[in-house]
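Residues per chain, in single letters:
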Amino acid sequence: MSTGSGNVVKQVSLPAVDARRYGRVAVLMGGTSAEREVSLQTGSAVCAALQRSGIDARTVDAVTGFLPELSRSGYDRVFIALHGRGGEDGTVQGALATLGMPFTGSGVLGSALAMDKVRSKWIWQCHGLPTPASVEVTGSADLARVLPELGLPVMVKPVHEGSSCGASRVIDAAGLDAAWRKARALDERVLVEQWINGAEYTVAILGERVLPIIKLETPNEFYDYEAKYLAETTRYLCPCGLSAESEHELGQLALRAFQLVGASGWGRVDLMLDDHGRPSLLEVNTVPGMTSHSLVPMAARHAGISFEELVLQILDTSLPAASADGPREVARA
Ligand SMILES: Nc1ncnc2c1ncn2[C@@H]1O[C@H](COP(=O)(O)OP(=O)(O)OP(=O)(O)O)[C@@H](O)[C@H]1O
Ligand SMILES: [Mg+2]
């Protein structure tokens with residue numbers, strides 16, 4: 001995996017940590033969504049990093065019976081490393097809030113809204129933020145609206161999926177039905193968007209901070225599952241090649257989009273710039289991948305933040321606001 005040639009990556013070092021302030025940490029991972037495998041990798045990487053910082057952390061697979069196990073086992077907080085439905089969508093957040101168990105990242109509302117690509121777009125459109133024109137398809141009557149309203153090509157994707165699961169680019173009318181059926185196999189709600197011709201970027205958010213933007217380049221039709229997890233040909237450019245002013249503007253747009261859907265703590269906003277340089281928001285991820293080669297850790301590294309420090313800053317989002325803002329530079333116990 002390339003991070004672009006000639007990049008200067010700042011020196012990073014292990015943070016000094018007072019592990020006692022966190023108590024016992026459950027890293028919740030796995031679950032039952034289509035992104036289970038990626039989540040297992042995220043959770044293992046996060047747990048190992050917490051342990052390297054001296055924190056009492058264990059992984060917990062979010063399968064049947066995990067909630068009673070969490071309350072029984074005396075955990076003090078939860079690092080949510082679940083991707084997709086049943087973990088990133090507000091359901092687990094609601095259950096943990098009901099148990100009174102602090103957790104990382106977005107709350108119920110932000111998690112649920114960010115998971116719903118259609119409702120995220122409504123909110124952005126209400127506030128004048130740019131996002132591709134679209135049609136939500138719940139039946140064949142909606143499908144008939146797609147070509148007159150959007151033209152071709154279009155992008156067809158499930159409303160609640162991640163990792164590009166069930167997504168297809170459609171270039172002719174004949175392909176639309178098959179693409180809809182493919183997306184529908186994963187989700188009864190399907191989103192069809194106007195195809196954006198241009199460059200793709202992703203913006204990592206940490207608290208209220210925008211991390212260096214990454215440009216994604218793939219020879220595939222789009223940044224699909226293969227390009228995300230398997231291909232050697234995907235290029236990750238950081239610095240992203242935009243002028244400092246354009247990068248700042250794009251970062252502020254992403255931060256606003258993130259906050260408007262009610263997301264908080266940390267996450268990642270995916271967007272594109274069309275051939276005229278006009279931005280278009282695709283989606284917000286409230287629990288993006290956190291393996292050692294994922295995008296948020298890559299952006300953090302370019303900001304001089306090690307993986308261990310990043311994981312700790314995310315864990316801090318589970319602390320009460322005042323103590324999360326307090327100094328972490330306390331001598332190890
Ligand atoms: N309207 C569009 N025009 C062009 N390409 C698009 C469009 N929408 C999505 N894509 C491509 O499809 C990919 C997946 O789309 P998107 O980010 O919306 O879905 P996702 O599966 O939730 O992704 P993630 O893995 O980031 O959660 C994008 O990274 C981009 O390459
Ligand atoms: Mg995406």
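As the structure is a prediction and not an experimental result, all values here were calculated from the model.

**Focus: the nonpolar core**
It is characteristic of soluble globular proteins that their nonpolar side chains tend to be buried jointly.
At step 1: Of all hydrophobic cores here, the largest spans 56 residues; its most connected members are Leu28, Leu50, Ile55, Leu70, Val78, Phe79 and Met290.
At step 2: Residues contacting Val78, with those up to four places away along its chain left out, are Ala26, Leu28, Leu70, Leu96, Met101, Pro102, Phe103 and Thr104.

**Quick look at the sheet that holds strand S2 (residues 56-61)**
At step 1: Spatially, S2-S1-S3 is the arrangement adopted by the 3 strands of the open sheet, whose pairing is parallel. What marks the edges here is a single partner per strand, and that holds for S2 and strand S3 (77-80). Neighbour-to-neighbour, the strand axes of this sheet turn through a mean angle of 30 degrees, independent of strand direction.

**Regarding the packing of helix H6 (residues 140-150) against helix H7 (residues 173-184)**
At step 1: Contact geometry for H6 and H7: axes closest at 11 Å, N-to-C directions at 140 degrees. One way to sum up the angle between H6 and H7 is to call them oblique. Between H6 and H7 lies a crossing whose hand is right-handed. Along its contact with H6, which presents Ser140, Leu143, Val146 and Leu147, the element H7 presents Ala173, Leu176, Asp177 and Trp180.
At step 2: Among the residues making up the contact of H6 with H7, the classes are represented as 6 nonpolar, 1 polar and 1 charged.

**Notes on the pairing of strand S10 (residues 214-217)**
At step 1: Pairing of strand S8 (residues 198-206) with S10 involves 3 bridges; the strand directions are antiparallel. Considered in S10, the bridge of Tyr201 is made with Lys215.

**Some words on the site of ligand 1**
At step 1: Close to ligand 1 lie 22 residues, the nearest being Lys117, Ser163, Ser164, Glu200 and Lys228.
At step 2: The contact in question runs from an oxygen atom of ligand 1 to an N or O atom on the side chain of Asp270, over 2.9 Å.
At step 3: Contact distances for ligand 1 include 2.9 Å between an oxygen atom and a side-chain N or O atom of Asn285.
At step 4: When the free accessible area of ligand 1 is taken as 620 Å², the share hidden by the protein chains comes to 96%.
At step 5: In a pocket analysis with a 2 Å cut-off to the grid points, ligand 1 is assigned to the largest pocket.
At step 6: Listed by contribution, the elements that provide at least two residues to the shell around ligand 1 are strand S5 (154-158), strand S7 (190-194), strand S12 (266-274) and strand S13 (279-285).

**Brief notes about empty space enclosed by the protein**
At step 1: Per the stated rule, a full pass over the model turns up 1 cavity of 30 Å³ or more.
At step 2: Taken as a whole, the largest cavity encloses approximately 40 Å³ of empty space.
At step 3: If you go around the largest cavity, the residues you meet are Glu88, Gln93, Thr104, Gly105, Ser106, Ser111, Trp266, Thr286 and Val287.
At step 4: A breakdown of the residues in the lining of the largest cavity according to their chemical character gives 2 nonpolar, 6 polar and 1 charged.

**Things to note about the coordination of the magnesium ion (ligand 2)**
At step 1: The magnesium ion (ligand 2) binds to the protein through Asp270 (OD) and Glu283 (OE), with metal-donor distances spanning 1.9 to 2.0 Å. Placement of Asp270 in strand S12 and of Glu283 in strand S13 is noted, with a sequence separation of 13 residues between them. Comparing Asp270 with Glu283, the two get one shared label, buried.

Reading the values: the criteria
Residues numbered from 1 in each chain as written. Chains lettered and ligands numbered in written order. Predicted model: local features only at pLDDT ≥ 70, side-chain atom pairs only at ≥ 80, totals over all residues. Heavy atoms only, no water. Core = buried A, V, L, I, M, F, W, Y, C linked by side-chain atoms within 4.5 Å. Buried < 20%, exposed > 50% of the residue type's maximum accessible area, 1.4 Å probe, protein only. Contact = heavy atoms within 4.5 Å. Pairing = 2+ DSSP bridges. Helix = DSSP H or I, 4+ residues; strand = E, 2+ residues; numbered from the N terminus. Axes fitted to C-alpha atoms, helices over the stretch in contact; angles between N-to-C directions. Parallel < 35°, antiparallel > 145°, perpendicular 65-115°, else oblique. Left-handed = near helix turned anticlockwise from the far one by under 90°. Nonpolar A, V, L, I, M, F, W, Y, C, P; charged D, E, K, R; others polar. Near = heavy atom within 4 Å. Polar contact = N/O pair within 3.5 Å; in protein donor to acceptor, adjacent residues only side chain to side chain. Areas by Shrake-Rupley, 256 points an atom, 1.4 Å probe, with all protein chains shown as cover. 1 Å grid on protein atoms, 1.4 Å probe; cavity = no way out; pocket = protein on both sides within 12 Å on 5 of 7 lines; lining within 4 Å. Sits in = over half its atoms within 2 Å of the grid points. Points joined across faces, edges and corners; volume = space filled by probe spheres on them. Donors = N, O, S within 2.8 Å, 3.2 Å for Na, K, Ca; no water.

Honestly, it's all geometry; don't read function into it.
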